[in-house]
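Chain by chain, the residues run as shown.
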Amino acid sequence: MADGTSLRLDKWLWFARFFKSRSLAAEACRGHKVRLNGGHVTKAAATVKVGDILTFARGEHLFTVKVLALGSRRGPAPEAQALYEDLSPPRPKRDDPDIPAPVAAREAGSGRPTKAERRATDRLRGGDD
């Protein structure tokens, strides 16, 4: 690591602004949520080199990135985006009719919807009347 050809994985993820803090990046690594060149990472101290492929999830989106540079600090977003090439599939558009609408949320303990509420929900979702 002293020669500058590799960097700790948690540090690189933090430099590239995928995680808000280095401890969150380290937690993701320890939780087996990050893959390095296809294999699960078990330690945050795993080393990353230029050309490595990382795969990890953030929320509902799956990221696949290729390491282009290691970086020396956590700089502004344009500097962070220069550290990697995004190989992820494009995110689906929210207006896509093939994606089902999210399930309506109800407060816990509010019971089943009434007939009028169900009909209103059906109208919103574009169901048959």
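Thresholds, definitions, all that
Residues numbered from 1 in each chain as written. Predicted model: local features only at pLDDT ≥ 70, side-chain atom pairs only at ≥ 80, totals over all residues. Heavy atoms only, no water. Helix = DSSP H or I, 4+ residues; strand = E, 2+ residues; numbered from the N terminus. Buried < 20%, exposed > 50% of the residue type's maximum accessible area, 1.4 Å probe, protein only. Contact = heavy atoms within 4.5 Å. Salt bridge = Lys/Arg side-chain N within 4 Å of Asp/Glu carboxyl O. Pairing = 2+ DSSP bridges. Phe/Tyr/Trp six-rings, centres within 6.5 Å; stacked < 30°, edge-to-face > 60°. Lys NZ or Arg CZ within 6 Å of the ring centre and 35° of its normal.

Participant: What is the right way to look at the overall build of the protein in this model?
Facilitator: Of the regular secondary structure elements, the protein holds 4 helices and 7 strands. Shown N-terminal to C-terminal, the secondary structure of the protein runs as helices and strands in the order β-α-α-β-β-β-β-β-α-β-α. Every one of the 129 residues in the protein was classed for burial, and the buried ones make up 26%. A separation of at least 24 residues holds for 40% of the contacts in the protein among residues at least 6 apart in sequence.

Participant: It is not clear to me how the pattern of salt bridges should be interpreted in this structure. Could you clarify?
Facilitator: Two side chains that carry opposite charge are able to pair once their charged atoms sit near each other. In total, this model carries 4 salt bridges according to the counting rule given. A salt bridge links Glu 79 to Arg 73, with the shortest nitrogen-to-oxygen separation between them at 2.9 Å. Take Glu 79: its relative accessible area is 33%, and that puts it in the partly exposed class. Overlapping salt bridges bring together Arg 8, Asp 10 and Arg 22 as one network.

Participant: Would you explain the sheet that holds strand E7 (residues 84-86) in this entry?
Facilitator: Two modes of strand pairing occur in sheets, parallel and antiparallel, and in both the strands are linked by backbone hydrogen bonds. Taken in spatial order, the 5 strands of this open sheet run E3-E2-E5-E6-E7, and their pairing is antiparallel. If you trace the sheet from one side to the other, it starts and ends with strand E3 (39-40) and E7, each paired once.

Participant: Sorry if this is basic, but what is going on with unusual backbone geometry here?
Facilitator: Where the residue is not glycine, phi is negative for most of them; where a peptide bond is considered, it is trans in most cases. Residues other than glycine seldom take positive phi values, yet His 32 does so here, at roughly 60°. Of note, His 32 is situated in the loop between helix H2 (22-30) and strand E2 (34-36). Although it is not a glycine, Asn 37 sits at a positive phi angle of roughly 55°. On the secondary structure map, Asn 37 appears in the loop between E2 and E3.

Participant: Explain the environment of Ser 72 here, please?
Facilitator: Mapped onto the secondary structure, Ser 72 falls in the loop between strand E6 (61-67) and helix H3 (77-81). Each C-alpha atom, one on Ser 72 and one on Lys 11, is 9.7 Å from the other, the two residues being 61 residues apart in sequence.

Participant: Would you mind going over the pairing of strand E5 (residues 53-58) with me for this structure?
Facilitator: Here is the key point about a regular strand: its side chains alternate between the two faces of the sheet. Relative to E5, E2 is paired through 3 bridges, and the arrangement is antiparallel. Considered in E5, the bridge of Arg 35 is made with Thr 55. Bridge analysis of E5 against E6 gives 6 bridges, and the strand direction is antiparallel. Counterpart to Ile 53 in the pairing with E6 is Lys 66. Taking the residues between adjacent antiparallel strands as the criterion, E5 and E6 are bridged by 2 residues, where Gly 59 takes a positive phi near 70°.

Participant: What is the right way to read the packing of aromatic side chains from this model?
Facilitator: Where two aromatic rings form a pair, the distance of their centres and the angle of their planes describe that pair. Going through the model one piece at a time under the given rule, you end up with 8 aromatic pairs. Note on Phe 18 and Phe 63: the rings are 5.4 Å apart at their centroids and 65° apart in plane angle, and the pair reads as edge-to-face. Of this pair, Phe 18 sits in the loop between helix H1 (9-15) and H2 while Phe 63 sits in strand E6; the two residues are 45 residues apart in sequence, bridging distant segments of the chain. Of the two residues, Phe 18 and Phe 63, both sit in the buried class. Ring geometry for Phe 56 versus Phe 63: centroids 5.6 Å apart, planes at 25°, classification stacked. When its relative accessible area of 2% is taken as the criterion, Phe 56 is described as buried. The structure contains a cluster of three or more aromatic residues connected by ring pairs, namely Trp 12, Phe 18, Phe 19, Phe 56, Phe 63 and Tyr 84. Above the face of the Phe 19 ring, Arg 58 is positioned so that its terminal group lies 5.2 Å from the ring centre.

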